[in-house]
Amino acid sequence: MADEDAVREAFERQARACAALGSPFTARLCRMAAARLDPSDPVGRTILEWPGDASGGSDALPLRFAGALHALVLSGQDAALQAVYPPHDAADDDLWKAITAAISRHAPFILDRLTSAPQTNEIRRAAVLLPGFLTIAARFGLPLDLLEIGASAGLNLQWDRYHYRLGGSEWGDPASAVHLAPDWQGPNPPLADVRVRHRLGCDLNPLDPTSPYDRLRLMSYVWADQRDRMERLTAALAIAADAPPTVERADALTWLPRVLARPAEGAVRVIYHSIAWQYLPPDDQAEGEAVIAEAGSRATPEAPLARLAMEADGNTDGAAISLQLWPGGERQDLGRADFHGRWVKWKGWS
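What comes next is a walk through the structure.

Cut-off values and rules
- Residues numbered from 1 in each chain as written.
- Predicted model: local features only at pLDDT ≥ 70, side-chain atom pairs only at ≥ 80, totals over all residues.
- Heavy atoms only, no water.
- Pairing = 2+ DSSP bridges.
- Helix = DSSP H or I, 4+ residues; strand = E, 2+ residues; numbered from the N terminus.
- Axes fitted to C-alpha atoms, helices over the stretch in contact; angles between N-to-C directions.
- Contact = heavy atoms within 4.5 Å.
- Salt bridge = Lys/Arg side-chain N within 4 Å of Asp/Glu carboxyl O.
- Buried < 20%, exposed > 50% of the residue type's maximum accessible area, 1.4 Å probe, protein only.
- Expected span 1.5 Å × (residues − 1).
- Arc of directions from axis to C-beta.

## Overview of the sheet that holds strand 12 (residues 343-346)
Part 1 of the argument: Here nine strands make up an open sheet; going across it, the order is 5-12-11-10-9-8-1-6-7 and the pairing mixed. The open sheet terminates on both sides in strands that have one partner only, identified here as strand 5 (183-185) and strand 7 (246-249). On average, each strand axis in the sheet is tilted by 20° relative to the strand beside it, whichever way the strands run.
Part 2 of the argument: Pairing analysis gives seven bridges linking strand 9 (residues 305-311) to strand 10 (residues 319-326), with the strands arranged antiparallel. If you follow Arg307 over to strand 10, its bridge partner there is Gln324.
Part 3 of the argument: Along the sheet face, helix 12 (residues 282-297) touches strand 8 (268-274), strand 9 and strand 10 and points at about 150° away from the line of strand 9.

Next comes the structure, spelled out in structure tokens:
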């Protein structure tokens with residue numbers, strides 16, 4: 001069980017992360033919670049006596065709490081809380097007064113939301129992954145069979161339905177409602193023709209882009225002062241609702257052996273994940289690596305395998321972008337990116 005000081009420190013760490021990622025409101029909320037959560041009420045007691053690891057690298061308890069409050073605002077369940085949330089600007093005492101009142105009025109709702117991990121589907125990560133997909137397509141000249149781990153609602157399974165500006169290059173559908181243009185450093189990515197033959201994902205809790213409940217869940221974990229992220233998510237959900245990508249309810253270690261056992265002649269199977277692999281325990285990561293390596297040993301020039309990843313690596317300067325290709329198993333570091341896809345430092349495949 002985490003002690004109270006560790007929980008409060010988890011909120012402080014999350015506040016620093018939110019500030020670095022451009023959400024001063026969520027940073028302020030987390031700092032206030034660290035200082036003011038009250039163990040005498042059921043919600044405060046549940047948080048401060050959290051039975052697991054409250055940190056962002058594990059249970060992400062501060063984001064569970066922030067998401068529960070944001071869901072009350074987005075669903076219109078608490079007008080007083082809505083009145084102190086962005087775009088409104090309230091003093092700290094007024095904000096916390098509204099939060100404590102919401103905790104009292106909606107304790108069952110908040111306690112229920114605390115039981116499940118935050119779930120996001122950050123659309124801008126597609127702009128980090130796209131140069132990797134283009135690299136794979138240019139290298140092999142084959143269609144792609146997409147296999148995404150931690151796909152959530154499948155919004156980054158439909159990356160080819162968006163429009164991009166990457167440095168001096170444009171790619172995708174100019175008429176798309178989703179336009180992605182990260183701050184770009186480095187050479188332009190290869191501009192290849194890409195055809196997606198199949199797309200499939202897995203997630204422990206797949207979300208349905210046609211479900212109002214699931215859409216609210218996704219929206220609630222977007223930080224309340226980041227209007228641009230909410231607008232992008234809304235647009236991507238609308239695209240997905242017309243033709244929802246298939247996301248199977250499964251853990252990665254059950255799913256990967258099954259889907260990789262299928263023949264895939266005439267296409268590159270691309271396993272990919274963004275800020276998902278890091279949440280697997282070390283033993284599960286090792287088992288997953290072995291499953292992928294075994295599938296790579298069976299790859300041929302007619303049925304290659306690729307693994308594209310955007311994951312934290314302990315460096316404070318964003319996430320690492322890497323690509324491994326089979327036959328051969330060569331792996332290269334392609335660059336780095338902001339966790340939310342705001343910028344990309346691209347090196348490319350050499």
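## Here we look at the pattern of salt bridges
Part 1 of the argument: This model, assessed by the stated rule, comprises 20 salt bridges.
Part 2 of the argument: In this structure, the salt-bridge partner of Arg197 is Asp145, at a minimum N-O distance of 2.8 Å. Of the two residues, Arg197 is situated in strand 6 (residues 196-203) and Asp145 in strand 1 (residues 144-149); the sequence distance between them amounts to 52 residues.
Part 3 of the argument: A residue is classified by how much of its surface remains accessible, and Arg197, at 30% relative accessible area, is partly exposed.
Part 4 of the argument: According to the relative accessible area criterion, Asp145 is buried, its value standing at 7%.
Part 5 of the argument: When salt bridges that share partners are traced, they join Glu122, Arg124, Asp228, Arg229 and Arg232 into one network.

## A short note on helix 12
Part 1 of the argument: Between its first and last C-alpha, helix 12 extends 23 Å over 16 residues, near the 22 Å set by a 1.5 Å rise per residue.
Part 2 of the argument: Inspection of helix 12 places Gly288, Val291, Ile292, Ala295 and Gly296 among the buried residues, and these make up the whole buried set. An end-on view of helix 12 places all buried positions within 140° of arc, on one side of the element. Turned more than 90 degrees from where helix 12 packs its buried face, Pro282, Asp283 and Ser297 sit exposed.
Part 3 of the argument: For helix 12, the secondary structure elements touched by its buried residues are helix 11 (252-260), strand 8, strand 9 and strand 10.

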